[in-house]
Amino acid sequence: MKKMKEIHKSKILLVDDEIELCHMVKDILRGDGYQRIFTAYRLEQARQLLRTENPHIMILDVMLPDGDGFQFIQEVRQHSQIPVLFLSAKDEDEDRLLGLGLGADDYLTKPFLPRELLLRLQIILRRTYLPITPKEQKKPVFFLGDREIDLNSGTVKSGDDTQQFTAKEFVLLEKLVENQGNIVTGDALCQAAWGDHLYSYENTLMVHIRRLREKIEAEPSNPQHLLTVRGLGYKLVGKKEIQ
Amino acid sequence: MKSLIKILSRYLSSAVLVALILVILNFAIMILWMFETRKNTIVDYPTEQVADQLYFENGQYQFSELGREALQEKYQWAMLISNEGNILWGQNLPEDVPQTYTLSDVASMSRWYLEDYPVNVWRRDDGLFILGYPKDSLWKMHTELPLDGINRLIYLIPIGILLNIIAALILTFIFGSRLFKSLRILLTGVKKLEQNQAIDLPTNGILGDLAENLNRTSATLQAQQEALQKRDQARSTWIAGVSHDIRTPLSMVMGYASQLEENMQLPEEQRQRAAVIRQQSWKIKTLISDLNLASKLEYSMQALHIEPYSPTVLIRESVTELINRGANKQHPITVQIHPNAEPCVLEGDEKLLARALTNLLENSIRHNPQGCAIHIAAENNDTHLSITVQDNGNGFPDAVLASVKLPLTPESLDTHGLGLLIVRQIVAAHQGQVSFENLKEGGSLVRVELPFA
């Protein structure tokens, strides 16, 4: 696989028999800055363009006049690892699973939001062609109120005092940070920390949350960041990134 | 099998009843007939009366007019025998009647016949009066029974009747067994028909014709069902096709509307309108996928992915997902799960059930734009898990409440509000119950009951 400096230089092959839709998708892609877009209305044309243009990614419809996309991806996969994003009006779970199972990188159903198409496209291109920098592997370091939390070392700093999270506390905190601003159910937290049901771990979970609060909250009995959502779970709010 | 036993007992009891009635009827007719015959013979010229017609006057026996008449009408001849055995008087005496009688002659004739003439005998002071019938006109039988035998008759009659009943039972059972064999075959056939299975009954036996009719009925029903299935399938495929075909044009509407919405060169007002087009297109998308799902559930074309799941986890996850998607201060959602519900594990299609729950929550939110509090509770009721979704908003409109009370039929697809219809279909697909009501204090209450397997 070749590397690319810029995602917008990617060559995109769009395969769809609806001419109007192709126009629109082209418009959307151009509007986002992509320049090299090839369209095929039939699989025959797509085969030819794959050979001659060597595109970086293919946006593929499922129902085409001279065959179906599911068969086509199998055919293509025999000699190429080109990323494929299905864009189909077939919205059944079975179709999506079939498409993804056949080696597609994503499956988007029509009707779709243009922004969603662009984001998904970008993710695939970046993942495939831009090498991941070590910087991105770093875990977040952030402030909760006046406490600085570093998930790389698993520590929390309050003034001069530095405390270490225990393994379970760390797993819970990481899960909450991943979903910060959103509720995480007690079930999901127990699943993450103990791989088991909330039913058997409810009290254990409460104990760990209390200890976690003692480390990250200024006032553990009146939490400002790790909030309880009664009957559901917990929520982490007020996370501030370090500039 | 129960109904067959019922038929059998009815059949046997009616047969016994018929036998019993016949016995009683026969008995009654016999008694009546005997009584009638006896009355006839007695009323006309009884022997003692005729004997009285003979009197001794002026040294001669005189026979009255009535006596002569009796001989004419009923008897043929008469005579009086002295105690010594000589004929003292005679009227119309046949030639072959002897002139003198020994004691044994008298004893014989008083019971039986005199020279083949049936006779009645009456004792008078002066001798024995004998009335003769024509030959071969009367059958005389002398009955003789021991007295204790007659007494025993009182017990023997009921025993006899009982024996008759038993005999009738056994006979009807033997004659009926073949009928019951055929009946049992028919019965299993009818049961299968009820369960919509194809049947092919053997057509020999007493009820062969009936079996053949049932076989034909089954064939007709099967054909009808197949046709119905085909039609349902066609309908569902058609809806799936239409919703598929709408997607591509809708993509373009949404795509271009989005582009216009984000085009900074356009005036704000225009971009707002484009946003409305995009939002409404999204609603159409949701509607057609709802319609598609409803039609598939209706015609049982939605494959259920049945797996064990924890309903309480499902509730928390569905609610959390909804809140996380767009926390809404106007619609606070509270969850209260009874501890006895926590360990429950049910079998079902988790994705569809989550959809049902989300539909109920979204329904409350959508129909109470002014805001309302939503409360979800779950409890284990021994036989089923009960989930309630309650709000303190406007409640269901009357029309909606009426339509959700109707049974689930293909016509329910006409009802407004696909969301609630899908809830009902999903719950029904899990053999559960769902009820909708408006609360007196305002707001609505939906109760979903999912049975434990």
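Below is a short write-up of the structure. Source: prediction; values computed, not measured.

Thresholds applied
- Starting afresh in each chain, residues are numbered from 1 along the sequence in its written order.
- Starting at A for chains and at 1 for ligands, labels are handed out in the order in which the entities are written.
- Totals for whole chains, interfaces and linings use every residue, but because this is a predicted model, local features are given only for residues with pLDDT of at least 70 and side-chain atom pairs only at 80 or more, for both listing and counting.
- Side-chain calculation: all heavy atoms of the structure are included, whereas hydrogens and water are not.
- In this description, a nonpolar core means a group of buried Ala, Val, Leu, Ile, Met, Phe, Trp, Tyr and Cys residues linked to one another through side-chain atoms lying within 4.5 Å.
- Throughout, exposure labels follow a simple rule: accessible area from a 1.4 Å probe, protein chains only, divided by the maximum for the residue type, with under 20% read as buried, over 50% as exposed, and the rest as partly exposed.
- Residues count as neighbours in contact if any of their non-hydrogen atoms are within 4.5 Å of one another.
- Criterion used throughout: strands pair if DSSP finds at least two bridges between them.
- Starting at the N terminus, helices and strands are each numbered in turn, a helix being any DSSP run of H or I of at least four residues and a strand any DSSP run of E of at least two.
- Lines fitted to the C-alpha atoms define the axes, with helices restricted to the stretch that makes contact. Angles between their N-to-C directions range from 0 to 180 degrees.
- Two aromatic rings, drawn from Phe, Tyr or Trp (for Trp, its six-membered ring), form a pair once their centres lie within 6.5 Å of each other, and the interplanar angle then sorts them: stacked below 30 degrees, edge-to-face above 60, tilted otherwise.
- The criterion for a charge sitting over a ring is simple: Lys NZ or Arg CZ within 6 Å of the ring centre, and within 35 degrees of the ring normal.
- For any pair of parts, buried area is found by adding up, for both, the accessible area (1.4 Å probe) each one loses once the two are put together.
- Salt bridge, as used here, is a side-chain nitrogen of Lys or Arg placed within 4 Å of a carboxyl oxygen of Asp or Glu.
- Counted as a polar contact is a pair of N or O atoms within 3.5 Å, where, for protein atoms, one must be capable of donating a hydrogen and the other of accepting one, and residues adjacent in sequence contribute only when both atoms are in side chains.
- Here the word oblique covers every angle except those under 35 degrees (roughly parallel), over 145 (roughly antiparallel) and from 65 to 115 (roughly perpendicular).
- Take the far helix as the reference: if the near one is turned anticlockwise from it by less than a right angle, the crossing is left-handed, and if turned clockwise, right-handed.
- Nonpolar residues are Ala, Val, Leu, Ile, Met, Phe, Trp, Tyr, Cys and Pro. Charged residues are Asp, Glu, Lys and Arg, and all others, Gly as well, are polar.

### Things to note about the nonpolar core
Consideration 1: One finds B:I315, B:V319, B:L360, B:I387 and B:F436 to be the most contacted residues of the largest nonpolar core, which totals 47 residues.
Consideration 2: Those residues in contact with B:F436 that sit more than four places away from it in its chain are B:L360, B:F396, B:L401, B:V404, B:K405, B:L420, B:R424, B:L445 and B:V446.

### With respect to the sheet that holds strand 12 (residues 183-185) of chain A
Residues and elements named next belong to chain A.
Consideration 1: Spatially, 12-14-13 is the arrangement adopted by the three strands of the open sheet, whose pairing is antiparallel. At either margin of the open sheet sits one strand with a lone partner, and together these are strand 12 and strand 13 (226-229). Mean inter-strand twist for the sheet, computed between neighbouring axes without regard to direction, equals 30°.
Consideration 2: Pairing between strand 13 and strand 14 (residues 233-236): four bridges, direction antiparallel. Within strand 14, the position partnered with L227 by the bridge is K235.
Consideration 3: Seen against the sheet, helix 7 (residues 167-178) touches strand 12, strand 13 and strand 14 and runs at an angle of roughly 65° to strand 14.

### Quick look at the packing of aromatic side chains
Residues and elements named next belong to chain A.
Consideration 1: Tallying each qualifying case throughout the model produces nine aromatic pairs over all chains.
Consideration 2: With a centroid separation of 5.2 Å and an interplanar angle of 15°, the aromatic rings of W194 and Y201 are classed as stacked.
Consideration 3: On the basis of relative accessible area, Y201 is assigned to the partly exposed category, the value being 23%.
Consideration 4: Lying over the aromatic face of F142, K239 brings its terminal NZ or CZ to 5.2 Å of the ring centre.

### Looking at the interface of chain A and chain B
Consideration 1: Contacts between chain A and chain B engage 31 residues on the former and 30 residues on the latter.
Consideration 2: Ranking the residues of chain A by area buried against chain B places A:M24, A:P111 and A:L232 at the top, with a combined share of 21%.
Consideration 3: Remark: the boundary between chain A and chain B carries five salt bridges.
Consideration 4: In this structure, B:R247 and A:D91 form a salt bridge, with 2.9 Å as the shortest nitrogen-oxygen distance.
Consideration 5: Inspection of the region where chain A meets chain B yields eight residue pairs in polar contact (both at pLDDT 80 or more).
Consideration 6: Going through the elements one at a time, helix 1 (19-32), helix 4 (93-101), helix 5 (114-129), strand 12 and helix 9 (198-216) of chain A are the ones with two or more residues in the side of chain A that touches chain B.

### A closer look at the environment of A:C190
All names here are of chain A.
Consideration 1: For C190, the location among the structural elements is in helix 8 (residues 186-194).
Consideration 2: The exposure class of C190 is buried, given its relative accessible area of 0%.
Consideration 3: Apart from the residues lying within four places of it in its own chain, the contact partners of C190 are G195, D196, H197, L198, Y201 and L205.

### Looking at the packing of helix 7 of chain A against helix 8 of chain A
Residue and element names in this part refer to chain A.
Consideration 1: Following both chains from N to C, one finds helix 7 and helix 8 inclined at 135°, their axes separated by 9 Å at the closest point. In terms of axis orientation, helix 7 runs oblique to helix 8. Considering the relative orientation of helix 7 and helix 8, their crossing is right-handed. Here helix 7 contributes K168, V171, L172, K175 and L176 to the contact with helix 8, which in turn contributes A188, L189, A192, A193 and W194.
Consideration 2: Residues of the contact of helix 7 with helix 8, tallied by class, amount to eight nonpolar, no polar and two charged.

### Quick look at the sheet that holds strand 6 (residues 84-88) of chain A
All names here are of chain A.
Consideration 1: On the basis of which strands lie adjacent, the open sheet formed by five strands has the order 2-1-3-6-7 and parallel pairing. For this open sheet the edge positions go to strand 2 (36-40) and strand 7 (106-109), each flanked by a neighbour on one side alone. Neighbour-to-neighbour, the strand axes of this sheet turn through a mean angle of 20°, independent of strand direction.
Consideration 2: Bridging between strand 6 and strand 7 involves four bridges; their strand directions are parallel.

These values are about where atoms sit, not about what they do.
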